[in-house]
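Single-letter residue listing:
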Amino acid sequence: MKTSHPDKVFYPEDGLTKGDVVEYYRAVADVMLPHLRGRPLTLRRFPDGIGKPGWFQKHPGEHFPDSIRVERVPRRGGGTDEYVVCEDAGTLEYLANQGTVEFHVWLSTVAAPERPDRLVLDLDPPEGTPVAELRAVARRIRDHYERVGLTAFVQATGGRGFHVLAPLDAKSDTEVVLELSRALADRVAADDPDRLTTAQRKEKRGDRIFLDANRNAYAQTFVAPYSLRARPGAAAATPLDWRELGKADPDGWALGKEKQRLARKEDPWRELDEHAGSAEAALKQLT
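Residues numbered from 1 in each chain as written. Predicted model: local features only at pLDDT ≥ 70, side-chain atom pairs only at ≥ 80, totals over all residues. Heavy atoms only, no water.

For the protein chain, an unreviewed UniProt entry supplies the name ATP-dependent DNA ligase and the organism Amycolatopsis bullii.

*Asks:* I'd love a proper account of the layout of surface pockets, names of residues and values included.
*Replies:* To locate leftover empty space, one rolls a probe as large as a water molecule over the atoms. If you add up the space inside the largest pocket, you get close to 420 Å³. If you trace the largest pocket, you find 25 residues lining it, with His 104, Asp 122, His 163, Arg 215 and Arg 229 closest to the centre. If you list the elements that add at least two residues to the lining of the largest pocket, you get strand S3 (41-45), strand S7 (100-106), strand S8 (118-124), strand S12 (209-212) and strand S13 (221-223). The element best represented in the lining of the largest pocket is S8, accounting for three residues. Of the residues belonging to the lining of the largest pocket, the class tally is six nonpolar, seven polar and 12 charged. (1 Å grid on protein atoms, 1.4 Å probe; cavity = no way out; pocket = protein on both sides within 12 Å on 5 of 7 lines; lining within 4 Å. Points joined across faces, edges and corners; volume = space filled by probe spheres on them. Helix = DSSP H or I, 4+ residues; strand = E, 2+ residues; numbered from the N terminus. Nonpolar A, V, L, I, M, F, W, Y, C, P; charged D, E, K, R; others polar.)

*Asks:* Explain empty space enclosed by the protein to me, using residue names and the numbers behind them.
*Replies:* Per the counting criterion, the structure on display carries two cavities of 30 Å³ or more. Size it by volume and the largest cavity reaches roughly 60 Å³. Its residues assigned to classes, the lining of the largest cavity shows seven nonpolar, four polar and one charged. By volume, the second largest cavity is sized at about 40 Å³. Lining the second largest cavity, in full, are His 35, Arg 39, Val 105, Arg 118, Leu 165, Phe 222, Pro 225, Trp 269 and Leu 272.

*Asks:* Go over helix H2 (residues 89-97), please, and point to the residues and values.
*Replies:* Where burial is concerned, most of H2 is hidden: seven out of the nine residues are buried. For H2, the set of buried residues is Thr 91, Leu 92, Glu 93, Tyr 94, Leu 95, Ala 96 and Asn 97. Looking at the buried residues of H2, the elements they touch are helix H1 (18-32), S3, strand S6 (80-85) and S7. Sitting at the head of H2, Asp 88 places a side-chain oxygen 3.2 Å from the backbone nitrogen of Gly 90. Positive backbone phi, at 90°, marks Gly 99, one or two positions downstream of H2. (Buried < 20%, exposed > 50% of the residue type's maximum accessible area, 1.4 Å probe, protein only. Contact = heavy atoms within 4.5 Å. Polar contact = N/O pair within 3.5 Å; in protein donor to acceptor, adjacent residues only side chain to side chain.)

*Asks:* Please set out the pattern of salt bridges residue by residue, giving values where relevant.
*Replies:* Here the structure, examined in full by the defined rule, presents 28 salt bridges. Here Glu 23 makes a salt bridge to Arg 26, at a shortest N to O gap of 3.1 Å. Placement of the pair is Glu 23 and Arg 26 together in helix H1, with a separation of three residues, close to one helical turn. Note that Arg 140 and Asp 192 form a salt bridge whose closest N and O atoms lie 3.9 Å from each other. Within this pair, whereas Arg 140 is found in helix H3 (residues 131-147), its partner Asp 192 is found in the loop between helix H4 (174-191) and strand S11 (196-197), the two being separated by 52 residues in sequence. By relative accessible area, Asp 192 is classed as partly exposed at 24%. It is possible to trace a salt-bridge network through shared partners that takes in Asp 241, Arg 243, Glu 244, Arg 261 and Lys 265. (Salt bridge = Lys/Arg side-chain N within 4 Å of Asp/Glu carboxyl O.)

Quick look at the structure:
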């Protein structure tokens, strides 16, 4: 596929072009696609680069070609909505060529939208939070997951925080997973209430790190592994081994560095689904 306007500047502060972005997604397709396949996508598009207004696109445009997989997913309250599903490298490249900078995925699949196979807690820190503190909180979340029989995986978001994810067996409905995620967040926050909070309202958080369980609600998303972020620096969301966390920054893998990393290292999340746990069993241990 030929990239349209490859010289258009997409990251003004970094001197990166649309051509650089499309080439990045070509380079990471093999490792990124397993995290996209079968999942409804939300696209964050910046056709004129991140220095100009962009938007989140949940539903496909009429101009998308027939080769792009589109599926109808039930909408809460009745009816259905159409979503793009990225199944192959051609689709990923096409979407990047349409100005998609960020890819966000559901925590469930189009085949079973009401039964999540992922649980995610998102560390949302206030400005100035030391990265060492974020790392310590991520490890604390891992410990709480493990106490209830879940296996924890960590991702540098490419933004300000980390995601701690647990794969699930997709046998529990969204409400159970959401209840579990909130209960886990509450347990972690109770360990250090002066530094951690689950308060939904920003004015109640103060200078504490927000443990966000809201991504586990129906039709919510988290940033897909290896997606670029639409912020200066062109960092990518990066799955990590836990032993890497001690030196990891949330935005530590810029576009070029991420490609170099993948040339020498396998995806730390490649066996994610082999560790799927039961949300219902985990919740029983908390209640």
